[in-house]
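# Structural features, examined
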Amino acid sequence: MIAEDGISDYGFAKRKAARQLGATSADELPNNAEIETEVRTYLTLFQDDEHLERQRLLRVAAAEVMRELEPFRPYLTGSVLEGTAGRYSEVDIDLFPESAKEVEIFFLNHNVDYEHREPRRTQPEAPEAILVFDWGDVPIRLRIYSPEVERLHRRGSHGTRGMERARLPTVEALINNTPPATVDIEP
């Protein structure tokens with residue numbers, strides 16, 4: 001479902017698979033790391049050349065968007081960073097401007113057509129806004145957070161390690177096939 005149908009929410013995919021398989025206990029479900037490993041295996045077996053080409057295309061688009069949005073402190077996150085992006089994946093970029101309105105004003109001044117989506121506010125550190133647009137043929141999803149959330153993610157708030165994300169130099173290194181040992185992905 002994740003590799004073929006473009007489902008990016010692991011929790012949703014787990015619940016859907018559990019219903020289809022009749023699993024009733026959460027203990028029977030794989031964790032996210034196990035899912036990511038299997039998605040990588042699937043992509044290598046069934047979409048290897050297509051996957052590598054698509055991954056490069058998505059990362060190049062991400063780098064271009066990140067350059068344009070540099071004043072808003074962009075970070076690449078999600079499946080494009082992790083290397084598990086499939087055929088229908090969006091590029092996920094997190095921004096940390098002083099105000100979400102700054103980004104929308106930037107888009108209006110640059111004639112960028114975008115769609116505003118309301119984020120799910122289930123967590124205290126949820127994004128303030130989500131903007132979706134196409135960069136050529138590549139779908140981009142921007143999650144806009146307050147600057148305080150960036151600081152919390154840096155230190156890993158509430159006992160968590162923070163989410164994996166990468167600044168522009170890391171994305172450029174991934175595009176240029178820098179060996180993983182020299183690529184610094186920020187937790």
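Here's a quick rundown of the structure. These figures come from a predicted structure and were not determined experimentally. (Residues numbered from 1 in each chain as written. Predicted model: local features only at pLDDT ≥ 70, side-chain atom pairs only at ≥ 80, totals over all residues. Heavy atoms only, no water.)

The next point concerns the sheet that holds strand E1 (residues 75–77). Taken together, the 5 strands give an open sheet; going across it, the order is E1-E2-E5-E4-E3, and neighbouring strands pair in mixed fashion. Each edge of the open sheet carries a strand with a single partner, namely E1 and strand E3 (115–117). Pairs of neighbouring strands in the sheet enclose a mean axial angle of 30°, with direction left out of account. When E1 meets strand E2 (residues 91–95), the two strands line up antiparallel, connected through 3 bridges. Counted as the bridge partner of Tyr75 is Asp94 from E2. Sitting on the sheet, helix H6 (residues 100–109) is in contact with E2, E3, strand E4 (129–135) and strand E5 (138–144), with an inclination near 25° to E4. (Pairing = 2+ DSSP bridges. Helix = DSSP H or I, 4+ residues; strand = E, 2+ residues; numbered from the N terminus. Axes fitted to C-alpha atoms, helices over the stretch in contact; angles between N-to-C directions. Contact = heavy atoms within 4.5 Å.)

The next subject is helix H3 (residues 32–46). With 15 residues, H3 should cover 21 Å at 1.5 Å per step; its first-to-last C-alpha distance of 21 Å lies within 8% of that length. Those residues of H3 that fall on the buried side of the exposure criterion are Ile35, Val39 and Leu43. Along H3, the residues classed as buried sweep out an arc of 70° about the axis, all on the same side. In H3, the exposed positions angled more than 90 degrees off the buried face are occupied by Ala33, Glu38 and Leu45. The N-cap residue of H3 is Asn31: its side-chain oxygen and the backbone nitrogen of Glu34 are 2.8 Å apart. (Expected span 1.5 Å × (residues − 1). Buried < 20%, exposed > 50% of the residue type's maximum accessible area, 1.4 Å probe, protein only. Arc of directions from axis to C-beta. Polar contact = N/O pair within 3.5 Å; in protein donor to acceptor, adjacent residues only side chain to side chain.)

Our focus in this paragraph is the pairing of E4. The buried fraction of E4 is high, at 5 of 7 residues. As paired elements, E4 and E5 share 7 bridges and run antiparallel to each other. Paired with Asp134 across the two strands is Pro139, which belongs to E5. The antiparallel hairpin formed by E4 and E5 contains 2 residues in its connecting segment, where Gly136 sits at a positive phi of about 65°.

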